[in-house]
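# An overview of the molecular structure
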Amino acid sequence: MKRAISGRTQLCGVIGSPVRHSMSPVIYNAAFEHASIDAVFVAMPVAAGQAAAAIEAMRTTGVLGLSVTMPHKFDVIAACDHISDRAQRLQSVNCVYRAAASRNANGGAVDDIVGDSTDGAGFVAGLRAELGIELAGTHCVVLGAGGAARAVILAAAEAGAGRVTVINRSPDRAAQAAVLAGDAGKVGSPDDLATADVVVNSTPLGMAGTDQAQNMAFDPSLLRDDAVVSDLIYHPLETPLLAACRSAGVACQNGVAMLVHQAVVQYEHFTGQPAPIEAMTAAANAVVAERASGQISDS
Ligand code: NAP
């Protein structure tokens with residue numbers, strides 16, 4: 001049955017620029033519909049420099065929560081009342097929501113806006129859900145040192161990884177990222193792949209629509225037989241790296257699991273309810289497949 005929009009319907013959205021290509025509305029609206037939550041999720045174009053104004057609008061209009069994408073992930077920090085420890089350490093917020101006490105307020109000014117970063121938790125949960133891997137005690141090798149890599153590095157260390165090795169094109173950025181893992185973190189080289197339990201590609205190498213689409217971040221023949229690979233790319237669903245892993249019998253996953261599980265954390269922040277993970281996974285897979293067939297542009 002089609003959901004009815006009424007005076008009670010609550011609003012969530014994603015702010016960014018550009019943002020019309022975002023897959024988030026499909027994933028969250030599928031979740032709201034499945035869970036019979038009276039809310040809608042829309043894409044909200046917000047120009048660079050306007051993040052604080054968007055958070056003020058959230059306070060006064062009763063918007064339930066916002067996902068945050070480029071270029072606002074740093075700027076919203078100053079506009080929130082509280083920041084989670086992980087967002088503080090990453091200096092990046094991808095989710096803004098109302099603390100539980102003010103979630104059900106009927107609009108009006110609410111001074112309890114919280115900022116969080118959900119990518120790292122999404123990575124850990126997606127690895128567990130799809131590949132059955134717990135990071136405690138593992139040697140985790142992360143390729144890349146950008147926003148996604150930093151979230152993964154911090155989350156891997158918090159999950160108890162014994163070693164977190166960062167390999168990146170720019171060594172200075174690798175060093176800055178490795179610090180997030182504390183004593184477990186170090187800058188490494190491709191030689192470290194031979195001792196890895198978990199390898200994470202957080203570079204765009206292999207991403208469709210780029211001049212690196214045919215490239216692999218590393219050669220999976222360098223890995224031990226029981227290593228697993230997580231490629232954070234979800235467009236295409238199977239990158240050249242994942243195809244090579246599959247041929248070599250290396251257990252691997254694409255970026256859909258992280259995409260879904262970071263949205264699960266956000267949904268739970270927005271609604272205070274457990275997320276319908278299967279419905280969100282089905283919606284994410286459908287929208288990724290649609291996009292791969294050229295019906296929806298890249299996210
Ligand atoms: P980013 O901040 O731009 O960082 C990109 C990283 O990749 C940088 O460390 C960069 O190295 C490195 N890199 C870029 N081009 C390279 C090349 N040609 N050769 C070697 N290294 C290269 O990007 P991001 O936001 O972290 O995203 C990275 C990837 O993760 C993207 O594929 C994105 O789609 C994916 N992602 C997935 C999810 C998910 O939910 N599944 C979430 C976020 C991101 P330098 O430091 O030297 O520039």
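The preceding data block contains the structure.
Now for a quick tour of the structure.

Scoring rules and cut-offs
- Residues numbered from 1 in each chain as written.
- Predicted model: local features only at pLDDT ≥ 70, side-chain atom pairs only at ≥ 80, totals over all residues.
- Heavy atoms only, no water.
- Helix = DSSP H or I, 4+ residues; strand = E, 2+ residues; numbered from the N terminus.
- Rg over C-alpha atoms; globule rule 2.2 N^0.38 Å.
- Areas by Shrake-Rupley, 256 points an atom, 1.4 Å probe, with all protein chains shown as cover.
- Lys, Arg positive; Asp, Glu negative; His and termini not counted.
- Charge placed at Lys NZ, Arg CZ, Asp CG, Glu CD.
- Near = heavy atom within 4 Å.
- Polar contact = N/O pair within 3.5 Å; in protein donor to acceptor, adjacent residues only side chain to side chain.
- Salt bridge = Lys/Arg side-chain N within 4 Å of Asp/Glu carboxyl O.
- Buried < 20%, exposed > 50% of the residue type's maximum accessible area, 1.4 Å probe, protein only.
- Core = buried A, V, L, I, M, F, W, Y, C linked by side-chain atoms within 4.5 Å.
- Contact = heavy atoms within 4.5 Å.
- Pairing = 2+ DSSP bridges.
- Expected span 1.5 Å × (residues − 1).
- Axes fitted to C-alpha atoms, helices over the stretch in contact; angles between N-to-C directions.
- Left-handed = near helix turned anticlockwise from the far one by under 90°.
- Nonpolar A, V, L, I, M, F, W, Y, C, P; charged D, E, K, R; others polar.
- Phe/Tyr/Trp six-rings, centres within 6.5 Å; stacked < 30°, edge-to-face > 60°.

Turning our eyes to something else, we now look at the overall build of the protein. Within the protein one finds ten helices and twelve strands. The globule rule puts the C-alpha radius of gyration for 299 residues at 19 Å, and the 19 Å found for the protein is close to it. Summing over all exposed atoms, the protein offers an accessible surface of approximately 13,200 Å²; the carbon and sulfur share of this is 53%. Put simply, the protein has 19 plus and 28 minus side-chain charges, and the middle of one group is 4 Å from the middle of the other.

Here the focus is the site of the ligand. Inspection of the region around the ligand gives 21 residues, with Ala145, Ala148, Asn168, Ser170 and Arg173 positioned closest. The backbone of Ala148 places a nitrogen or oxygen atom 2.8 Å from an oxygen atom of the ligand. In this structure, an oxygen atom belonging to the ligand sits 2.9 Å away from a side-chain N or O atom of Arg169. Against a free-state accessible area of 930 Å², the protein chains account for coverage of 74% of the ligand.

Our next topic: the pattern of salt bridges. One pass over the full model with this rule turns up eight salt bridges. Measuring nitrogen to oxygen at the nearest pair gives 2.9 Å for the salt bridge that ties Arg224 to Asp226. Given the relative accessible area of 55%, Asp226 is considered exposed. The shortest N-O distance in the salt bridge between Arg246 and Glu238 comes to 2.6 Å. Beyond isolated ion pairs, a larger network of salt bridges with shared partners links Glu56, Arg59 and Asp81.

Moving on, we come to the nonpolar core. The nonpolar side chains of a soluble globular protein tend to be buried, and buried together. In this structure, Phe32, Tyr267 and Met280 are the most contacted members of the largest nonpolar core, which totals 30 residues. The set of elements that each furnish at least two residues to this core consists of strand E1 (10–16), helix H1 (24–35), strand E2 (39–45), strand E5 (95–98), helix H9 (256–271) and helix H10 (277–292). If we ignore the near neighbours within four places in the chain, the residues touching Phe32 are Arg3, Cys12, Ile37, Ala39, Val40, Phe41, Tyr267 and Thr271. Membership of the second largest hydrophobic core comes to 29 residues, among which are Val124, Ala181, Leu232 and Met258.

As summarised here, the arrangement of the six strands in space is E2-E1-E3-E5-E6-E4, forming an open sheet in which the pairing is mixed. The open sheet terminates on both sides in strands that have one partner only, identified here as E2 and strand E4 (82–83). Direction of pairing for E4 relative to strand E6 (residues 113–116): parallel, over a ladder of two bridges. Bridging across to E6, Ile83 finds its partner in Gly115.

Looking now at H9. For H9, with 16 residues, the first-to-last C-alpha span of 22 Å sits near the 22 Å given by 1.5 Å per residue. Among the 16 residues in H9, 15 count as buried, and that is most of the element. One or two positions beyond H9, positive phi appears at Gly272, with a value near 75°.

What follows concerns the packing of H1 against H10. Close contact between H1 and H10 brings their axes to 8 Å; oriented N to C, the two are set at 145°. Considering the relative orientation of H1 and H10, their crossing is right-handed. Taken together, the residues of H10 that come into contact with H1 (itself represented by Val26, Ile27, Ala30, Ala31 and His34) are Ala279, Met280, Ala283, Ala284 and Val287. Split by residue class, the contact of H1 with H10 holds nine nonpolar, one polar and no charged.

Let us now look at the packing of aromatic side chains. Evaluation of the coordinates by the stated rule reveals three aromatic pairs. Ring plane angle 35° and centroid distance 5.6 Å describe the contact between Phe32 and Tyr267, whose orientation is recorded as tilted. With Phe32 in helix H1 and Tyr267 in helix H9, this pair connects stretches of sequence that are 235 residues apart. Relative accessible area serves as the criterion here: at 0%, Phe32 is assigned to the buried category. Owing to a relative accessible area of 0%, Tyr267 belongs among the buried residues under this scheme. Clustering of aromatic rings is evident, with ring pairs tying together Tyr28, Phe41 and Phe270.

The next point concerns unusual backbone geometry. Keep in mind that most residues, glycine aside, have a negative phi and that most peptide bonds are trans. A cis amide bond links Ser17 to the next residue, Pro18, at an omega of 5°. With respect to the helices, strands and loops of the structure, Pro18 is situated in the loop between E1 and H1. Look at the link from His235 to Pro236: it is a cis peptide, with omega at 15°. Residue placement: Pro236 occurs in the loop between strand E11 (228–231) and helix H8 (240–248). We note that Ser36 has phi near 55°; this positive angle belongs to a residue other than glycine. Looking at the secondary structure, you find Ser36 in the loop between H1 and E2. Taking the relative accessible area as the measure of exposure, Ser36 reaches 65% and is therefore exposed. Here Gln91, not a glycine, exhibits a phi torsion of approximately 55°, which is positive. Mapping Gln91 onto the fold places it in the loop between helix H3 (85–90) and E5. For Gln91, a relative accessible area of 33% corresponds to the partly exposed category.

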